[in-house]
Amino acid sequence: MPRNRSAIAALQKLEADREALDAKQRGLEVQAARELGEIILGSGLESFSKKGLRKVAEELGKLGEDAAIEKLTGRGATRASNAAPGTQ
């Protein structure tokens, strides 16, 4: 019987650990949202609709940071097109 009790105790501990991790995750998500909000405020993106901002964020996320910056600024294409022939 002690074996069953230790398994039950282990399961109870595991459940408590999961609940603690869930609470920690929720707190970190709130903190991350606050940090992202501070970055966005004043950038012009706050004027986007919620739906539009979500779509922009999802598309930029798919591209990745470097590709998104290159696409938005046109820097990669500009450097290649302005380079002297044979130096690309």
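Keep in mind that what you see is a predicted model, and the values were worked out from it rather than measured. (Residues numbered from 1 in each chain as written. Predicted model: local features only at pLDDT ≥ 70, side-chain atom pairs only at ≥ 80, totals over all residues. Heavy atoms only, no water.)

## Points about the overall build of the protein chain
Per the secondary structure count, the protein chain includes four helices and zero strands. Reading the secondary structure of the protein chain in the N-to-C direction produces α-α-α-α. Counting only residues that meet the buried cut, the protein chain has 2% of its 88 residues in that class. (Helix = DSSP H or I, 4+ residues; strand = E, 2+ residues; numbered from the N terminus. Buried < 20%, exposed > 50% of the residue type's maximum accessible area, 1.4 Å probe, protein only.)

## Structural notes on the pattern of salt bridges
Under the defined criterion, the tally for this structure stands at three salt bridges. For Asp17, the salt bridge identified is with Lys13, shortest N-O distance 3.0 Å. Here the residue Asp17 and the residue Lys13 both occupy positions in helix H1 (residues 2-40), the gap between them amounting to four residues, near one helical turn. Look at Asp17 and you get partly exposed, because its relative accessible area is 35%. (Salt bridge = Lys/Arg side-chain N within 4 Å of Asp/Glu carboxyl O.)

## Observations concerning the confidence of the model for the protein chain
Summary statistics for the protein chain give a mean pLDDT of 86 and a share of 81% for residues scoring 70 or more. Mean pLDDT across the elements of the protein chain ranges from a minimum in helix H4 (residues 75-82), with 54, to a maximum in helix H2 (residues 50-63), with 95. Low pLDDT, under 50, characterises residues 78-84; the stretch is placed with two contacts to residues that sit more than four places away or in other chains. (pLDDT = per-residue confidence, 0-100. Contact = heavy atoms within 4.5 Å.)

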